[in-house]
Amino acid sequence: SFNTLFLYAYDGAGNFGRWGAPVPTTTNWQVINLVASNIQAPWDSPGLPNFTNIMKFKFFLYGQGDPAGTEFSATIYIDDVMVRNSPLVEFPSPSPMRALIDDFEGYADDAAVRSFYAYQNSPAATVTTAAIQTPAPQGSKALKLAVDFAAGQYPWGSVRSATVAPFSLPTN
């Protein structure tokens, strides 16, 4: 799973699943489409989430695999996380949004984004930093996710949202 960016979705009962996509290796903005029906349960999930009661999500980035490597840093920019009925294929004019999860425009500064997103890392020596970055492909702000990975096997860093009002994901 290393070199994979994951989006986790949690329901009100504590069940969760994840979608994964390869970490982009270019400096250009890329669109990542995650199909709802492709959600998978990680080893530590009690069950897949109820798509009609999603309450929290997080972005998760694994560092290295087996064998363990040396420490390194990575930065990923995330913008306009949305739920749609059809894939987004090109910029700048997407189809009308069904439900915007976060476009990162409403955060006044880095402190504001960090007040909504919390860090979770392993091992403790891994450091994740969330910040607001401009420009962005849509709007003017994006989430900058910077991770300084500790040495060792399977280090990871993540930012996770605060609990939000329940919303539904499409099942297709």
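Since this is a predicted model, take the numbers as computed values, not measurements. (Residues numbered from 1 in each chain as written. Predicted model: local features only at pLDDT ≥ 70, side-chain atom pairs only at ≥ 80, totals over all residues. Heavy atoms only, no water.)

With respect to the sheet that holds strand E2 (residues 16-22)
Here comes step 1: Strand order in the open sheet formed by five strands is E2-E1-E3-E10-E7, with antiparallel pairing between adjacent strands. Looking at which strands have only one partner, the edges of the open sheet turn out to be E2 and strand E7 (117-122). For this sheet, the mean angle separating the axes of adjacent strands, direction not counted, is 20 degrees.
Here comes step 2: As judged from the seven bridges shared by strand E1 (residues 4-11) and strand E3 (residues 54-62), these two strands associate in the antiparallel manner. Bridging from a neighbouring strand, Leu 5 pairs with Leu 61 of E3. (Pairing = 2+ DSSP bridges. Helix = DSSP H or I, 4+ residues; strand = E, 2+ residues; numbered from the N terminus. Axes fitted to C-alpha atoms, helices over the stretch in contact; angles between N-to-C directions.)

What about the sheet that holds strand E9 (residues 142-149)?
Here comes step 1: The strand order E4-E9-E8 describes an open sheet built from three strands, whose pairing is antiparallel. Of all strands in the sheet, those bounded by a partner on one side alone are strand E4 (72-78) and strand E8 (127-133). Taking the axes of each pair of neighbouring strands and ignoring which way they run, one obtains an average angle of 20 degrees across the sheet.
Here comes step 2: Two strands pair when backbone bridges link them, and E8 and E9 are joined in this way by seven bridges, in the antiparallel orientation. Within E9, the position partnered with Thr 129 by the bridge is Ala 146.

Some thoughts on the packing of aromatic side chains
Here comes step 1: Under the definition given, this model contains 15 aromatic pairs.
Here comes step 2: Considering the side-chain rings of Tyr 8 and Phe 60, the 5.1 Å spacing of their centres and the 45 degrees angle between planes classify their relative orientation as tilted. With Tyr 8 in strand E1 and Phe 60 in strand E3, this pair connects stretches of sequence that are 52 residues apart. With respect to burial, Tyr 8 and Phe 60 carry one shared label: buried.
Here comes step 3: Seen from their ring centres, Tyr 107 and Tyr 117 are 6.5 Å apart, and the 55 degrees between their planes marks the pair as tilted. Of the two residues, Tyr 107 is situated in the loop between strand E6 (99-102) and helix H1 (110-116) and Tyr 117 in strand E7; the sequence distance between them amounts to 10 residues.
Here comes step 4: Grouped by ring-pair contacts, the aromatic residues Phe 6, Tyr 8, Tyr 10, Phe 16, Phe 60 and Trp 156 constitute a single cluster.
Here comes step 5: One Lys or Arg, Arg 18, reaches over the ring of Phe 6 and ends 4.0 Å from the middle of that ring.
Here comes step 6: Taking the ring centre of Tyr 10 as reference, the NZ or CZ of Lys 56 above it sits at 5.3 Å. (Phe/Tyr/Trp six-rings, centres within 6.5 Å; stacked < 30°, edge-to-face > 60°. Buried < 20%, exposed > 50% of the residue type's maximum accessible area, 1.4 Å probe, protein only. Lys NZ or Arg CZ within 6 Å of the ring centre and 35° of its normal.)

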